[in-house]
Amino acid sequence: MASLQGEALDILAFGEPLMEFAETERQGEALYLPGFGGDTSNAAIAAARMGARVGYFTAVGSDAFGQGFLDLWDRENVDRSSVKVMPGARTGVYVISYGPQGHQFSYYRAGSAASLVTPADLPLDVIASAKILHVSGISQAISTTAADACFAAIRHAKAAGATVSYDTNLRLSLWPLDRARAVIHGAVALSDIARPGLDDAQQLTGLDRAEDICDFYLGLGCRIVALTLGKEGAMVAIPGERQVIPSKKVDAVDASGAGDAFGGAFLAEWLRSRNPFAAAEFANAAAALSTRGKGAVAPLPRRADVEAFLRA
Ligand SMILES: O=C(O)C(=O)C[C@H](O)[C@H](O)COP(=O)(O)O
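Below is a short write-up of the structure. Computed from a prediction, not measured in an experiment: that's the story for all the values here.

**Description of the sheet that holds strand β2 (residues 18-26)**
Move 1: The strand order β3-β2-β8-β9 describes an open sheet built from 4 strands, whose pairing is mixed. Among the strands making up the open sheet, the edge pair consists of β3 (29-37) and β9 (102-108). Neighbour to neighbour, the strand axes of the sheet diverge by 30° on average, direction disregarded.
Move 2: Sheet topology places strand β8 (residues 93-99) next to β9; 7 bridges connect them, and they run antiparallel. Each bridged residue has a counterpart across the sheet, and for Ile96 the counterpart in β9 is Phe105.
Move 3: Relative to β3, helix α2 (residues 64-75) is tilted by about 60°, and along the sheet it contacts β2, β3 and β8.

**Remarks on the site of the ligand**
Move 1: The full set close to the ligand counts 18 residues, and Asp39, Tyr107, Arg109, Arg171 and Gly257 are the nearest of them.
Move 2: With respect to the ligand, the side chain of Tyr94 contributes an N or O atom lying 2.9 Å from an oxygen atom.
Move 3: When the ligand sits alone it has 400 Å² of accessible area, and the protein chains cover 94% of it.
Move 4: Elements with a contribution of two residues or more to the shell around the ligand: α1 (39-49), β9 and α9 (258-273).
Move 5: It is α9 that provides the largest number of residues to the shell around the ligand, a total of 3 residues.
Move 6: For the shell around the ligand, the residue count by class is 7 nonpolar, 7 polar and 4 charged.

**Examining the sheet that holds strand β12 (residues 193-195)**
In a beta sheet, neighbouring strands pair by backbone hydrogen bonds and run either parallel or antiparallel.
Move 1: Across the sheet, 9 strands lie side by side as β6-β4-β1-β10-β11-β12-β13-β14-β15; this open sheet has mixed pairing. Unpaired on one side and paired on the other, β6 (78-79) and β15 (241-245) mark the two borders of the sheet.
Move 2: Inspection of the sheet shows β12 paired to strand β13 (residues 224-228) by 2 bridges, in the parallel sense. From the neighbouring strand, Ile193 faces β13, where its bridge partner is Ile224.
Move 3: Here helix α5 (residues 144-159) sits on the sheet in contact with β1 (11-14), β10 (132-136) and β11 (163-167), set at roughly 160° to β10.
Move 4: Here helix α10 (residues 276-290) sits on the sheet and contacts β13, β14 (234-238) and β15; the angle it forms with β15, its principal contact strand, is near 15°.

The rules behind the values
Residues numbered from 1 in each chain as written. Predicted model: local features only at pLDDT ≥ 70, side-chain atom pairs only at ≥ 80, totals over all residues. Heavy atoms only, no water. Pairing = 2+ DSSP bridges. Helix = DSSP H or I, 4+ residues; strand = E, 2+ residues; numbered from the N terminus. Axes fitted to C-alpha atoms, helices over the stretch in contact; angles between N-to-C directions. Contact = heavy atoms within 4.5 Å. Near = heavy atom within 4 Å. Polar contact = N/O pair within 3.5 Å; in protein donor to acceptor, adjacent residues only side chain to side chain. Areas by Shrake-Rupley, 256 points an atom, 1.4 Å probe, with all protein chains shown as cover. Nonpolar A, V, L, I, M, F, W, Y, C, P; charged D, E, K, R; others polar.

See below:
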């Protein structure tokens, strides 16, 4: 399904999709499992699997991986009618490898189609009609034109009365910390929902404690902070109230994409209940279930899986 037939979107996400190759082994030989990644695309699919009406904006190359994404979004009920296909450009790629510290990402994305997006490419009508615009630090790290396009999209969404959600997703192999901090915090200050992860936020803010980090992002002007704490769950803060929402235990295989599973499920559930604490409990369950298989998208649960898990 290329378009949700003119229905207004709950969520429009904007960023870079990346073809994924996740390291595995068969009979002692290294093997790379193909899959799909890219933080905002992962979050879009996670939200669509939870029943939200979701669209995605980016540019893909006129190559096999770009076509693979168009087909994926169609299968996942993600409206991709505003996605640009750039002739002669390539779709980015990343490899996930696993070591004692968990997963590591290697990128093959410089000059990718998504990094060539400029503010002039933005689908302004779609942005203005969605309830939530979701972007991330990675959406802004990939190029200066993409960073500018994110700022322009955020301002356009705000002017139309939409909610802006921002996942800080710090990737120091894409940009240095000082520039990342300036851009990410500039954008978070324009956003309503901040979605940092603890490790990223400690580097970005120089603060150690989750409570102080939540206060910092509320101080930038966000209405809701949903700070993920890895295995500990999440801390959710709104002005005047803060709660730790403990994680759900599962036998985890791979945490790649767990932050995006949380983010997509959080937005989908928050739109239904407008209760950020309940949304975080739901999102914790979705994130836990997403760690039971390798790769970012394939193991993402559906709403029925999350509800059954929460009842069990
Ligand atoms: O690194 C990038 O640029 C990507 O988009 C690749 C991955 O798909 C996400 O980074 C996964 O994100 P997490 O949920 O934080 O594990």
